[in-house]
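# Understanding the architecture of this molecule
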Amino acid sequence: MIVILICLILINQLTSREQFSGNESFFIRLPFSVYFGWITVATIANATILLVSLGWKDFILSDTSWTVIVIALGLFIGLATMLKNRDVAYGLVIVWAYSGILLKHTSTEGFGGQYPVIINTTIGCIVLLLLGVVYLLISKRKRMGY
C-alpha cells in the first residue's frame, strides 16, 4: 500500500503541473485524485490496525483518545494535501470517508452514539474539510474572473 501511495503522490504531482482541458481533467486528473484520497485513508487505517496488532492500543492513552488523534491526523493530512494540490476531489473523498466513520458511530448497527467525543471530532473534521473545499471553489472562481 505504501508503494501505491508513493506512486499516487508522484502521479498527482505530475498531473497537477499539466494544463488539461475539461474532458482531459475529468478522465485523467479526477480518477487519480479519487484513488489518491482513498489510498491515503486506507493507509492511515492500515497503519492504525498495525499499531493495534502490535499492542500499541493500551499505550498511555485510551482507545477513544487514540481514535481522536488518528482522526485529527487524517484531517491534517487530508486538508494539507487538498489545499497544497488545490484538489477538491481529493478533499471530497476524505469527507466521504469521514462520513462513513460518523455513520458507524451514530447508527444503531454501529456504535449507537457511545463515543460522543469521536462523533464531535468527526463532525468538526468534516466541517473543516468542507470549508477547505468551499475555499478552493471560491478561489478558483476568482482566478477565472467570475
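The structure displayed is predicted, hence computed values, not measured ones.

Reading the values: the criteria
Residues numbered from 1 in each chain as written. Predicted model: local features only at pLDDT ≥ 70, side-chain atom pairs only at ≥ 80, totals over all residues. Heavy atoms only, no water. Axes fitted to C-alpha atoms, helices over the stretch in contact; angles between N-to-C directions. Helix = DSSP H or I, 4+ residues; strand = E, 2+ residues; numbered from the N terminus. Left-handed = near helix turned anticlockwise from the far one by under 90°. Contact = heavy atoms within 4.5 Å. Nonpolar A, V, L, I, M, F, W, Y, C, P; charged D, E, K, R; others polar. Expected span 1.5 Å × (residues − 1). Buried < 20%, exposed > 50% of the residue type's maximum accessible area, 1.4 Å probe, protein only. UniProt positions renumbered as here; feature names shortened; annotations may be inferred. Patch = residues over 30% accessible without salt bridge, like charges linked within 9 Å, V, L, I, M, F, W, Y side chains within 5 Å. Areas by Shrake-Rupley, 256 points an atom, 1.4 Å probe, with all protein chains shown as cover. Salt bridge = Lys/Arg side-chain N within 4 Å of Asp/Glu carboxyl O. Polar contact = N/O pair within 3.5 Å; in protein donor to acceptor, adjacent residues only side chain to side chain.

### A closer look at the packing of helix H1 (residues 2–17) against helix H2 (residues 22–53)
The geometry of H1 relative to H2 is characterised by a closest axis approach of 9 Å and an angle of 145 degrees between their N-to-C directions. Viewed along their axes, H1 and H2 form a crossing whose handedness is left-handed. Packed against H1, whose contacting residues are Ile2, Ile4, Leu5, Leu8, Ile9, Ile11, Asn12, Thr15 and Ser16, the element H2 presents Ile28, Arg29, Phe32, Ser33, Tyr35, Phe36, Ile39, Thr40 and Thr43 at the interface. When its residues are assigned to classes, the contact of H1 with H2 shows 11 nonpolar, six polar and one charged.

### Details of helix H5 (residues 116–144)
Taking 1.5 Å per residue as the helical rise, H5 with its 29 residues ought to reach 42 Å, and the 42 Å between its terminal C-alpha atoms agrees with that figure. By the burial criterion, the buried members of H5 are Ile118, Ile119, Thr121, Thr122, Cys125, Ile126, Leu129, Gly132, Val133, Leu136 and Ser139. Along its buried surface, H5 packs onto helix H3 (63–85) and helix H4 (88–106). Gly145 sits one or two residues past H5 and shows a positive phi near 85 degrees.

### A closer look at unusual backbone geometry
Despite not being glycine, Arg86 has its phi angle at roughly 50 degrees, a positive value. Mapping Arg86 onto the fold places it in the loop between H3 and H4. For Arg86, a relative accessible area of 33% puts it in the partly exposed group.

### Brief notes about the UniProt feature "transmembrane region" (unreviewed entry) in the chain
According to UniProt, the feature "transmembrane region" (unreviewed entry) maps to residues 32–54, 66–83 and 117–138 in the numbering used here. What you have in residues 32–54 is 96% helix and 0% strand, and the ends, taken at the C-alpha atoms, are 32 Å apart. Across residues 117–138, helical content stands at 100% and strand content at 0%; the span's end C-alpha atoms are separated by 31 Å.

### Some remarks on H3
Between its first and last C-alpha, H3 extends 33 Å over 23 residues, near the 33 Å set by a 1.5 Å rise per residue. Listing the buried residues of H3 in full gives Val68, Ile71, Gly74, Leu75, Gly78, Thr81, Met82 and Asn85. Structurally, H3 contributes buried residues whose contacts are with H1, H2, H4 and H5. Trailing H3 by a residue or two, Arg86 shows a phi angle of about 50 degrees, which is positive.

### Considering a nonpolar patch on the surface
On the surface, Phe26, Phe27, Ile28, Leu30 and Phe32 cluster together into a nonpolar patch covering about 460 Å² of accessible area. Locating Leu30 in the fold gives a position in helix H2.

### Observations regarding the side chain of Ser139
Looking at the element boundaries, Ser139 is found in helix H5. Separated by 2.5 Å, the side chains of Ser139 and Arg86 make a polar contact.

### Some points on the environment of Leu8
For Leu8, the location among the structural elements is in helix H1. Between the C-alpha atoms of Leu8 and Leu75, which are 67 residues apart in sequence, the distance is 19 Å. Beyond its immediate sequence surroundings of up to four residues, Leu8 is in contact with Phe32, Tyr35, Phe36 and Ile39.

### Quick look at the side chain of Thr121
Structurally, Thr121 can be placed in helix H5. We classify Thr121 as buried; its relative accessible area is 18%. Among the polar contacts made by the side chain of Thr121, one reaches the main-chain carbonyl oxygen of Val117 at a distance of 2.7 Å. Discounting chain neighbours no more than four positions away, the residues touching Thr121 are Val68 and Ile71.

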